[in-house]
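Here is how the chains run, residue by residue.
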Amino acid sequence: MLGIVRDVAGLRARVRDWRQDGAAVGLVPTMGALHEGHLALVRRSLATTERTCVTLFVNPRQFSPTEDFARYPRAEARDLALIEDAGAHLVFAPEAAEMYREGHQTEVSVGRIGEILEGEFRPGFFAGVATVVTKLLLQAQPDIAFFGEKDYQQLLVVRRLARDLDIPVEIAGVPTVRAPDGLALASRNAYLSDSERAIAPALYRVLVAAATNVAAGKKAKAEEARATAELKAAGFAPVDYVAVRDAESLEEARDPHRAHRVLAAAWLGQTRLIDNVAA
Ligand code: AMP
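Since the structure is predicted, the reported quantities are computational estimates derived from the model, not experimental observations. (Residues numbered from 1 in each chain as written. Predicted model: local features only at pLDDT ≥ 70, side-chain atom pairs only at ≥ 80, totals over all residues. Heavy atoms only, no water.)

Asker: Is there a simple way to think about the sheet that holds strand S3 (residues 51-56) in this case?
Answerer: Strand pairs in the sheet, formed through backbone hydrogen bonds, run parallel or antiparallel to each other. Reading across the sheet, the six strands line up as S1-S4-S3-S2-S5-S6 and stay open at both edges, with parallel pairing between neighbours. A strand with exactly one partner marks an edge of an open sheet, and here the two such strands are strand S1 (3-5) and strand S6 (170-174). Strand-to-strand twist across the sheet, computed as the mean angle between neighbouring axes with direction ignored, equals 25 degrees. As paired elements, strand S5 (residues 144-148) and S6 share five bridges and run parallel to each other. Paired with Ala145 across the strands is Ile171, a residue of S6. (Pairing = 2+ DSSP bridges. Helix = DSSP H or I, 4+ residues; strand = E, 2+ residues; numbered from the N terminus. Axes fitted to C-alpha atoms, helices over the stretch in contact; angles between N-to-C directions.)

Below you can see the structure in the form of structure tokens.
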């Protein structure tokens, strides 16, 4: 039976019981509106740990005033059914007032890795993410927490903060789950019109082509420019960035012998899509 708790004390009590039974605990943080990408994280946790807690929390602190917090998709009853079907053990679904109690001040800032790429286009975003993820890790104290490669920079930000703050948790990355046409599953895909949805898979196609070329020795800058032009031609506007970066630091790729990642963010109408692939 799936348990649901909405307060930190309840979450801690459940996890304490599991630990007393010697169970390893997995945590899957999400903002809800679940799809197969989220469920891949849940399944990975179930396969790796004895007890899995999924969190559902649309974190107001990672949205800027001009972003889509108010209209972000919310579907709690459906999410709970999907989580129960998957076989997870507990849902933590707090109200904002439980997460950020009156007078809350503290923010976690991860420095440079949170300031480039997404951080440049969404100021404050990674401070919001790092703060809520730090809180969730300290509240649940899982053995392993699972994050999607879909949000590759976020995965690295979370690894950074866990290391820097000595939080005793393993951060596991899970490969991106895609629609058959290549589009990375995302809760915000629900915003796309039919014609935008038809264009959207070009993002993945263009990234794969750039990654293939970079792996074959072509110049990063030329591939970034070519991919940007192709996205614009496909109908994306604006293209926030296409970046060939070192896969660990996300700094400019200078050493051809290191692993690279090609990352992009681009708009279709009112919807901002992000994606990334290994090169
Ligand atoms: P979100 O609810 O969008 O904040 O995402 C919650 C978690 O699910 C994050 O770790 C995401 O990276 C991960 N996630 C979202 N979409 C996908 C996907 N298509 N494939 C794999 N993981 C995903």
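Still more ground to cover, so stick around.
Asker: When you look at the site of the ligand in this model, what are you seeing that I'm missing?
Answerer: For the ligand, the set of nearby residues contains 17 residues, the closest of which are His38, Gly148, Asp151, Val177 and Leu185. Gly148 is positioned with one of its backbone polar atoms (N or O) 2.9 Å from an oxygen atom of the ligand. Separating a nitrogen atom of the ligand from a backbone N or O atom of Leu185 is a distance of 2.8 Å. Surface burial for the ligand is 92%, taken as the share of its 480 Å² of free accessible area covered by protein chains. Elements with a contribution of two residues or more to the shell around the ligand: strand S2 (25-30), helix H2 (36-48) and S5. Here the shell around the ligand gets three residues from one element, more than from any other, and that element is H2. (Near = heavy atom within 4 Å. Polar contact = N/O pair within 3.5 Å; in protein donor to acceptor, adjacent residues only side chain to side chain. Areas by Shrake-Rupley, 256 points an atom, 1.4 Å probe, with all protein chains shown as cover.)

Asker: Got a minute to help me understand the pattern of salt bridges in this structure?
Answerer: Close approach of charged atoms allows side chains with opposite charge to pair. Tallied over the full model, the rule gives 19 salt bridges. Note that Glu67 is salt-bridged to Arg122, the shortest N-O span being 2.9 Å. Within this pair, whereas Glu67 is found in the loop between S3 and helix H3 (76-86), its partner Arg122 is found in the loop between helix H5 (118-121) and helix H6 (125-140), the two being separated by 55 residues in sequence. Its relative accessible area of 27% is what places Glu67 among the partly exposed residues. Across the pair Glu252 and Arg245 runs a salt bridge, and its minimum N-O distance is 3.9 Å. Residue class for Arg245 comes out buried when judged on its relative accessible area of 14%. One continuous salt-bridge network, built from bridges that share partners, spans Lys221, Glu224, Arg245 and Glu252. (Salt bridge = Lys/Arg side-chain N within 4 Å of Asp/Glu carboxyl O. Buried < 20%, exposed > 50% of the residue type's maximum accessible area, 1.4 Å probe, protein only.)

Asker: What is the right way to read the environment of Phe147 from this model?
Answerer: Along the polypeptide, Phe147 turns up in strand S5. Residue class for Phe147 comes out buried when judged on its relative accessible area of 4%. Spatially, the C-alpha atom of Phe147 lies 9.9 Å from that of Thr176, the residues being 29 residues apart in sequence. Excluding its chain neighbours within four sequence positions, the residues that come into contact with Phe147 are Pro29, Leu41, Val133, Gln154, Leu155, Val158, Ile171, Ala172, Gly173 and Val174. (Contact = heavy atoms within 4.5 Å.)

Asker: Got a minute to help me understand the nonpolar core in this structure?
Answerer: One broad rule of soluble globular proteins: the nonpolar side chains tend to lie buried together. Grouped together as the largest cluster of nonpolar side chains are 46 residues, with contacts concentrated most on Leu11, Phe92, Leu137, Ile171 and Leu250. Of all the secondary structure elements, the ones that give two or more residues to this core are helix H1 (8-20), S2, strand S4 (90-92), H6, S5, helix H7 (152-164), strand S7 (239-246) and strand S8 (260-268). When residues of this core are assigned to domains, at least three fall in each of domain 1 (3-174) and domain 2 (187-278). Among residues more than four places away in sequence, those in contact with Leu11 are Val5, Cys53, Leu90, Phe92, Gln139 and Ala140. By size, the runner-up hydrophobic cluster in this structure holds 23 residues, among which are Leu203, Phe236, Ala266 and Leu268. (Core = buried A, V, L, I, M, F, W, Y, C linked by side-chain atoms within 4.5 Å. Domains from an automatic or database assignment.)

Asker: How do you make sense of the side chain of Glu223 when you look at a structure like this?
Answerer: With respect to the secondary-structure elements, Glu223 resides in helix H10 (residues 220-234). Residue classification places Glu223 among the buried positions, given a relative accessible area of 3%. The residues contacting Glu223, other than those within four sequence positions of it, are Ala209, Ala210, Asn213, Val214 and Lys218.

Asker: Explain unusual backbone geometry here, please?
Answerer: That bond from Ala237 to Pro238 is cis: its omega, -10 degrees, falls within 30 degrees of zero. Mapped onto the secondary structure, Pro238 falls in the loop between H10 and S7. For Ala33, which is not glycine, the phi dihedral falls at a positive 50 degrees. Within the secondary structure layout, Ala33 lies in the loop between S2 and H2. Assessed through its relative accessible area of 15%, Ala33 is described here as buried.

Asker: Just checking my understanding: could you explain helix H9 (residues 202-215) for this structure?
Answerer: In an α-helix, one full turn covers 3.6 residues, which means residues spaced three or four apart are oriented alike. Between its first and last C-alpha, H9 extends 20 Å over 14 residues, near the 20 Å set by a 1.5 Å rise per residue. Among the residues of H9, Ala202, Leu203, Val206, Leu207, Ala210, Ala211, Asn213 and Val214 are the ones counted as buried. Around the axis of H9, the buried residues are gathered within 165 degrees of arc, so they sit on the same side. Facing away from the buried side of H9, by more than 90 degrees, are the exposed residues Arg205 and Ala215. Against helix H8 (194-199), H10, S7, S8 and strand S9 (271-278) lie the buried residues of H9. Looking one or two residues beyond H9, the residue adopting positive phi is Gly217, at roughly 105 degrees. (Expected span 1.5 Å × (residues − 1). Arc of directions from axis to C-beta.)

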